[in-house]
Amino acid sequence: MSDTTAPRRSRRARKSAETVDVAADEPIDSEAGEVSPYELPGPQRRAKTRKAERGYYAPVFQGAPSTTRQSSVLNTALIGPVTGTAGVANGRDMLSHSLITHDPVTAYNSTPRLISSPNSIVCGGVGGGKSSFVKTVYVTRPLVIRYRRAVIFDKKARGGEGEYAELVREWGQGEPIRFTTDGSGSRLNLLDPLIVSQIGDAGTYRLLHAIVRIARDGARIDDWEEEAARSALKRTLATYDGRRAPTLADLLPLLGRVDDYSDLTEHARDRLHQAGLGVRFTLEGLLDEYGGMLDGDTSENVNLTGKLTSFDISQLPTEGPSSHVVRAIGNQWMLGRLRTDPGWQTTCINEEGWDMVDGPAAHLLKSNQKLSRGVGLNNVFVFHKGLDIPLDSPGRTVISEAQSIYVFRQDRKEDADWAVRTFGFDPSTATVLQNLAPGQFVFKYGAVPETHVEHVRSSIEVGLTDTDEGMRGDRRRDDA
Ligand SMILES: Nc1ncnc2c1ncn2[C@@H]1O[C@H](COP(=O)(O)OP(=O)(O)OP(=O)(O)O)[C@@H](O)[C@H]1O
Ligand SMILES: [Mg+2]
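Residues numbered from 1 in each chain as written. Chains lettered and ligands numbered in written order. Predicted model: local features only at pLDDT ≥ 70, side-chain atom pairs only at ≥ 80, totals over all residues. Heavy atoms only, no water.

S.K.: Summarise the pairing of strand β14 (residues 440–445); cite the residues concerned and give the values.
M.R.: Regular strands have side chains that alternate between both faces of the sheet. Extensive coverage of β14 is indicated by the burial of six of its six residues. Both faces of β14 are covered, namely the face carrying Gln440, Val442 and Lys444 and the face carrying Phe441, Phe443 and Tyr445. Pairing of strand β13 (residues 404–407) with β14 involves four bridges; the strand directions are antiparallel. When the sheet's bridge partners are listed, Ile405 is paired in β14 with Lys444. The antiparallel hairpin formed by β14 and strand β15 (residues 448–454) contains two residues in its connecting segment, where Gly446 sits at a positive phi of about 50 degrees. (Buried < 20%, exposed > 50% of the residue type's maximum accessible area, 1.4 Å probe, protein only. Helix = DSSP H or I, 4+ residues; strand = E, 2+ residues; numbered from the N terminus. Pairing = 2+ DSSP bridges.)

Spelled out as structure tokens, the structure:
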């Protein structure tokens, strides 16, 4: 052993001896007491100068003289990870290409708590990739986690049904719960025992109040109407207590009854009577139009089966209050239903859910925030833009309280500026928002500054989230 290693050592010794053949004793030129960096001997760059001359090595680059301070800018900083690795994979950071993971439930339950509200906002222009993102990151990916489920209010039609229908069939158990105006779909009872028992008389009144306002296109109702509606509801619930579940039709005849108000003047009683009749006419109008959907007990198929449930409201007319009514009652029903399954975490997706944060339902949502957390519910609101939201709307609070924000491309500058103002982004992010490609978004959670992220989908997910078949004419080619 020692015989073989000895000569090698000597060869190495010779090698290192050869490397010293570049003269290092050139004079250091100094002008006016300053050392010129051009004149300083550089380090030995090539081990064998003779081999280098014969082209054995790559050419030696001429170094650029610089100072430490100047060259520090060339030293790219390590970019700290924006998120940890806990939660659900969202995509990759466009700057560092590192993985971005986030899931409001995981972030809310972390110690220390990373976000104070489990609600999320997904907004952006048409075709930006919002639904693809929600379908994967908020619906299918978390399904593998124990005791997690998703409920979707599916508003956008695709091939005669909601755009989540295929997903529900593939990953959930059973069919979407369909709502139609012709009575062939499912029904929701505003006075369902699950609703009344969960939110109590006062909560049920808030729901009734919201439904009347929705039916009147958002118009406020005055004090007299409020009193008439409250007393009719109280009477209805007392009359049917212990018998059967009352329905909206049972409430109607009691609106306008003033027998309990004997202490009021004749004039006041008359005014109250008329106010009650006004509310009754509004609700009668609603039942006339959507009786099959609202009149009677909640249908048996309205239930949370499996891990994925969808309320398919895609076939309800865009004009008119029907889809808003189903959303408002459906949300309350769900709160009651969730209480019967303690321990589950439920993500409720409100696709095209602008009316939930802008209309009368926003009041309900705001007052239910605490209740929602209590039953493990987190809401995801998906909408296009938020510029039109009135200053005094409770929807503003709902939006500003959400702590997981995803903004997809906003074509118009004013919409991008709205997002910057509302979510506290850096002003330069407005330009980023206007130039995002489909599937890219600006993400912010809690107090962590925003990041530019690219959503990455697997091949299966690409198939499940493609919404371009109409534009490509796939159906036509199939028929041919
Ligand atoms: N991560 C992605 N990478 C590349 N392309 C994507 C990605 N996500 C979505 N897209 C493309 O964008 C198209 C529209 O996506 P999607 O339907 O999710 O948009 P949207 O924002 O929900 O639109 P709308 O406002 O009309 O509901 C998809 O069919 C797909 O082609
Ligand atoms: Mg969409």
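S.K.: Run through the packing of aromatic side chains, naming residues and quoting values.
M.R.: Given two aromatic rings, their pairing is described by the distance between the two centres and the angle made by the two planes. Applying the stated criterion across every chain, the model contains 15 aromatic pairs. On the numbers, 4.5 Å between centres and 50 degrees between planes, the contact of Phe133 with Tyr406 is tilted. Note that Phe133 is positioned in helix α5 (residues 130–140) and Tyr406 in strand β13, a separation of 273 residues in sequence. Ring geometry for Phe423 against Phe425: centres 5.8 Å apart, planes inclined by 40 degrees, an arrangement best described as tilted. For the pair shown, Phe423 and Phe425 are each scored as buried. Grouping aromatic residues by their ring pairs yields a cluster made of Phe133, Tyr138, Tyr406, Phe408, Phe441, Phe443 and Tyr445. For Arg113, the ring lying beneath its charged end belongs to Tyr108, and the centroid distance is 4.0 Å. The residue whose ring lies beneath Lys135 is Tyr164, and the NZ or CZ to ring-centre distance is 5.3 Å. (Phe/Tyr/Trp six-rings, centres within 6.5 Å; stacked < 30°, edge-to-face > 60°. Lys NZ or Arg CZ within 6 Å of the ring centre and 35° of its normal.)

S.K.: So what about empty space enclosed by the protein? Which residues, and what values?
M.R.: In total, this model carries four cavities of 30 Å³ or more according to the counting rule given. In this structure, the largest cavity encloses a volume near 90 Å³. Along the walls of the largest cavity sit 13 residues, with Asn331, Gln332, Leu335, Leu365 and Asn368 positioned nearest its centre. A per-element tally of the lining of the largest cavity places helix α11 (residues 322–339) first, with four residues. Split into classes, the residues belonging to the lining of the largest cavity amount to seven nonpolar, six polar and no charged. (1 Å grid on protein atoms, 1.4 Å probe; cavity = no way out; pocket = protein on both sides within 12 Å on 5 of 7 lines; lining within 4 Å. Points joined across faces, edges and corners; volume = space filled by probe spheres on them. Nonpolar A, V, L, I, M, F, W, Y, C, P; charged D, E, K, R; others polar.)

S.K.: Provide a residue-level description of the layout of surface pockets, including the pertinent values.
M.R.: Of the volumes computed, that of the largest pocket is approximately 890 Å³. If you trace the largest pocket, you find 34 residues lining it, with Lys130, Ser131, Lys156, Glu352 and His384 closest to the centre. Elements with a contribution of two residues or more to the lining of the largest pocket: α5, α11, α12 (354–358), β12 (377–383) and α18 (459–465). Considering each element in turn, the lining of the largest pocket owes the most residues, four residues, to α5. Here the residues of the lining of the largest pocket sort into seven nonpolar, 13 polar and 14 charged.

S.K.: Could you give me a rundown of the sheet that holds strand β6 (residues 148–154), with the residues and numbers involved?
M.R.: Judged by pairing direction, the sheet is mixed, and its 11 strands sit side by side in the order β4-β3-β15-β14-β13-β5-β12-β11-β6-β10-β9 without closing on themselves. Strands with a single pairing partner mark the edges of an open sheet, and in this sheet they are β4 (99–101) and β9 (177–178). Of the strand pairs in this sheet, strand β11 (residues 345–350) and β12 are connected by five bridges, and their pairing is parallel. Residue pairing across strands places Thr347 opposite Asn378, the latter belonging to β12.

S.K.: Let's hear about the pattern of salt bridges: which residues, and what values?
M.R.: All told, the structure shown has 21 salt bridges when counted by the stated rule. The shortest N-O distance in the salt bridge between Arg169 and Glu175 comes to 2.9 Å. With a relative accessible area of 37%, Arg169 lands in the partly exposed category. Residue classification places Glu175 among the exposed residues on the basis of a relative accessible area of 51%. Salt bridges sharing common partners tie together Arg235, Arg257, Asp259 and Asp260. (Salt bridge = Lys/Arg side-chain N within 4 Å of Asp/Glu carboxyl O.)

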